Amino acid sequence: MQNYEIPDVSIIDYGINNLKSVNIAFQSIGRTAKIIDAPEDVQSAKCLVLPGIGAFHSAMENLRKKSLTEPIRQKVKDGTPILGICLGMQLLFSESEEFGLHKGLGLVPGRVIPFKSPKEINIKGYKVPHIGWSELIFQKNSVKNTLLENLPEQCEVYFVHSYFPKADDAGTVLATAKYGGQEFCAIVKKGNITGTQFHPEKSGEIGLSMLRTFCNQNCR
Amino acid sequence: MEKIRIIARLDVKGPNVIKGVNLEALRVVGKPEKMAEDYYRQGADELIYIDIVASLYGRQNLLNIVNLTSDKIFIPFTVGGGVRTLDDISLFLKAGADKVAINTAITKNPDLITKASRMFGSQCIVASIEAKKAPENKWEAYTENGREKTGLDVVKWAKKVEKLGAGEILLTSIDKEGTKKGFDIELIKQVSEAVSVPLIVCGGAGNAGHIVECIESGNIDAVAVSSILHYGTSTIGEIKNHLAKSGISVRKNAKL
């Protein structure tokens, strides 16, 4: 079947507000992008993007209400590339401690945990949520076939979050960042699955370059 | 120390970016979407749009600007001016804004902060406070660009908006705004000691030295500048170089 109407990237909408920035960011690098919310659109997608903002459990609940969790899991297990952004990255993991323990999509083993509270950490200016630009610390000797291809060694990206994932397998952590003396997973990569705790669509030219790289590697 | 964010602030009136002194004596300095793109290229960490007469022109004006901007600007941006209801917030976020700044509506209805941060997440709710010096080392919160008094004490009000769920505070000194004579350091000290949410300070930057002085005076997270950029005194890059030389950590503008 000729599927010329299938865009390069299909952005999954589960009732969150700011999908426009993600959509436009892909279009600005010359890719076709479409916001989808039906299970059949997930099934026919070439490449999935799972954005996110808000609380973990309500996001999972919304995905379930739209009958999207199983199609996403199946599709990713079948090898379709997926990029999770911010909360969307956290949803890829097994579970999260946000507002009680809640199960995620379970595509990457690990748990989403909170930053230490400012009371526990005596650093001037330490505040939660972490809002701002932090430098990525590359964890691999080779960046080939990852988001980090073609980037300068010093990359700063934009974060807004109070929680971050702790991967069971350190080998899945492609890059970390530090905040308030805590080093956390900033990019996870496991086969066809990639997730960024930061917002590439809001990280200036560095972020756009990562999206370009992701598409070049994954949307053929 | 975490990286200090340098934010370009654009006050808009109708289709133009304007700039005044003490939020008065306004003059046109350019077109919002063009200036925004320019500051983005210079390496601004964020942008703030405030429609200073949203009540006169209606929200559609600002929505148009947000729509045009979000096509070209890939850094976070905040929109304020005329945000009164949860529906307004939703409209701006859908148009591509990352955060909304609210002043008048929350002084009249503080509960809006709580409702909005529950619905959209506190990270996108910025409480905007316009501060004007009052007797005895105190400041009074104003609205409508320094035209309307609220009777609220700025330091107490800042604590309250944090408690109600604001994710960030944008603190503008009406006395210093547009003067290019430096920040209200005492105001910044008092507010930064009173709150623990991220604090953006605004009003008075005439040169990069003023910004250094301001950052060293209190526990702040971001500085919003306008005159210094609009009139070409310094670019964002020049400001950041000066800050870095003074030992302040800032994001470098990536050249790819």
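Refer to the structure presented above.
None of these values were measured; they are calculated from a predicted model.

Draft legend 1. Layout of the pattern of salt bridges. Within the structure shown, the criterion is met by 23 salt bridges over all chains. Residue Asp37(A) is joined to Lys66(A) by a salt bridge in which the shortest nitrogen-to-oxygen separation is 3.1 Å. Linking Asp37(A) in the loop between strand S2 (33-36) and helix H2 (39-44) with Lys66(A) in the loop between helix H3 (56-65) and helix H4 (69-77), this pair joins segments that are 29 residues apart in sequence. Of the residues examined, Asp37(A) reaches a relative accessible area of 37% and is grouped as partly exposed. Overall, Lys66(A) belongs to the partly exposed group, its relative accessible area being 28%. Across the salt bridge formed by Asp111(B) and Lys115(B), the nearest N and O atoms sit 3.5 Å from each other. Here the residue Asp111(B) and the residue Lys115(B) both occupy positions in helix H6 (residues 111-120), the gap between them amounting to four residues, near one helical turn. Owing to a relative accessible area of 38%, Asp111(B) belongs among the partly exposed residues under this scheme. It is possible to trace a salt-bridge network through shared partners that takes in Arg5(B), Glu46(B), Lys99(B) and Glu168(B).

Draft legend 2. Representation of the side chain of Gln123(B) within the structure. Of note, Gln123(B) is situated in the loop between H6 and strand S7 (125-134). Classification of Gln123(B) as buried rests on a relative accessible area of 16%. Excluding its chain neighbours within four sequence positions, the residues that come into contact with Gln123(B) are Ile53(A), Val160(A) and Lys99(B).

Draft legend 3. Seen up close, the pairing of strand S10 (residues 156-161) of chain A. All names here are of chain A. Counting buried residues along S10, six of its six residues qualify, which places the element largely inside the surrounding structure. The alternating pattern of S10 places Glu156, Tyr158 and Val160 and Val157, Phe159 and His161 on opposite faces, both of which are buried. With six bridges connecting them, strand S8 (residues 130-135) and S10 associate as antiparallel partners. Bridged to Ser134 within S10 is Val157.

Draft legend 4. Structural detail: the interface of chain A and chain B. Contacts between the two partners involve 32 residues from chain A and, on the opposite side, 38 residues from chain B. Across the interface of chain A and chain B, roughly 2,900 Å² is buried in total on both sides, 54% from carbon and sulfur atoms. If you look at where chain A meets chain B, you find five salt bridges. As a salt-bridge pair, Glu156(A) and Lys3(B) come within 3.0 Å of each other at their nearest N and O atoms. Linking chain A to chain B there are 14 residue pairs in polar contact (both at pLDDT 80 or more). Contributing elements (two or more residues each) for the side of chain A that touches chain B: helix H1 (20-28), S8, S10 and helix H6 (204-218) of chain A.

Draft legend 5. Looking closely at the environment of Glu205(A). Structurally, Glu205(A) can be placed in helix H6. Take Glu205(A): its relative accessible area is 28%, and that puts it in the partly exposed class. Separated by 44 residues in the primary sequence, Glu205(A) and His161(A) have C-alpha atoms spaced 21 Å apart. A distance of 2.7 Å separates polar atoms of two side chains, one belonging to Glu205(A) and the other to Tyr40(B).

Draft legend 6. Structural view of the packing of aromatic side chains. Summed over all chains, the structure comprises 10 aromatic pairs over all chains. Ring geometry for Phe115(A) versus Phe184(A): centroids 5.4 Å apart, planes at 90 degrees, classification edge-to-face. Placement of the pair is Phe115(A) in the loop between strand S7 (108-114) and S8 and Phe184(A) in strand S13 (residues 182-190), with a sequence separation of 69 residues. Phe184(A) matches Phe115(A) in its accessibility class, with the two residues each being buried. Aromatic side chains Phe164(A) and Phe184(A) sit 5.5 Å apart centroid to centroid with 40 degrees between the ring planes, which places their arrangement in the tilted category. Of this pair, Phe164(A) sits in strand S11 (residues 163-167) while Phe184(A) sits in strand S13; the two residues are 20 residues apart in sequence, bridging distant segments of the chain. Given the relative accessible area of 2%, Phe184(A) is considered buried. Stacked on the ring of Trp139(B), the Lys or Arg Lys133(B) has its end atom at 4.6 Å from the ring centre. Above the face of the Trp133(A) ring, Arg251(B) is positioned so that its terminal group lies 3.7 Å from the ring centre.

Draft legend 7. Spatial organisation of the environment of Glu162(B). Residues and elements named next belong to chain B. Its location among the elements puts Glu162 in helix H7 (residues 154-164). Residues Glu162 and Ser122 lie 40 residues apart in sequence; the distance between their C-alpha atoms is 9.8 Å. Beyond its immediate sequence surroundings of up to four residues, Glu162 is in contact with Ala194, Val195, Ser196 and Val197. Polar side-chain contacts of Glu162 include one of 2.6 Å to the side chain of Ser196.

Draft legend 8. Looking closely at the sheet that holds strand S9 (residues 137-138) of chain A. Residue and element names in this part refer to chain A. Judged by pairing direction, the sheet is mixed, and its eight strands sit side by side in the order S2-S1-S3-S4-S14-S13-S12-S9 without closing on themselves. Sheet topology places S2 and S9 at the edges, where each strand pairs with a single neighbour. Note that strand S12 (residues 173-179) and S13 share six bridges and pair antiparallel. Within S13, the position partnered with Thr176 by the bridge is Cys185.

Draft legend 9. Looking closely at the layout of surface pockets. For the largest pocket, the calculated volume is near 1,200 Å³. Around the largest pocket, the lining is made up of 48 residues, and of these Glu98(A), Ser162(A), Gly121(B), Ser122(B) and Gln123(B) lie nearest the centre. Counting only elements with at least two residues in the lining of the largest pocket, the list comes to H3, helix H5 (87-91) and S10 of chain A together with H6 and H7 of chain B. A breakdown of the residues in the lining of the largest pocket according to their chemical character gives 22 nonpolar, 20 polar and six charged. One number sums up the size of the second largest pocket: a volume of about 380 Å³. Along the wall of the second largest pocket there are 22 residues; nearest its centre are Gly81(B), Gly82(B), Asn103(B), Thr104(B) and Glu144(B).

Draft legend 10. Looking closely at the packing of helix H8 (residues 185-194) of chain B against helix H9 (residues 208-217) of chain B. Residue and element names in this part refer to chain B. At a minimum axis distance of 9 Å, the contact between H8 and H9 shows a crossing angle of 35 degrees. The handedness of the crossing between H8 and H9 comes out as right-handed. Within the contact between the two elements, H8 uses Ile185, Ile188 and Lys189 and H9 uses Glu213, Cys214 and Ser217. Class assignment of the residues belonging to the contact of H8 with H9 gives a composition of three nonpolar, one polar and two charged.

Reading the values: rules and limits
Residues numbered from 1 in each chain as written. Chains lettered and ligands numbered in written order. Predicted model: local features only at pLDDT ≥ 70, side-chain atom pairs only at ≥ 80, totals over all residues. Heavy atoms only, no water. Salt bridge = Lys/Arg side-chain N within 4 Å of Asp/Glu carboxyl O. Helix = DSSP H or I, 4+ residues; strand = E, 2+ residues; numbered from the N terminus. Buried < 20%, exposed > 50% of the residue type's maximum accessible area, 1.4 Å probe, protein only. Contact = heavy atoms within 4.5 Å. Pairing = 2+ DSSP bridges. Buried area = accessible area lost by both parts, 1.4 Å probe. Polar contact = N/O pair within 3.5 Å; in protein donor to acceptor, adjacent residues only side chain to side chain. Phe/Tyr/Trp six-rings, centres within 6.5 Å; stacked < 30°, edge-to-face > 60°. Lys NZ or Arg CZ within 6 Å of the ring centre and 35° of its normal. 1 Å grid on protein atoms, 1.4 Å probe; cavity = no way out; pocket = protein on both sides within 12 Å on 5 of 7 lines; lining within 4 Å. Points joined across faces, edges and corners; volume = space filled by probe spheres on them. Nonpolar A, V, L, I, M, F, W, Y, C, P; charged D, E, K, R; others polar. Axes fitted to C-alpha atoms, helices over the stretch in contact; angles between N-to-C directions. Left-handed = near helix turned anticlockwise from the far one by under 90°.

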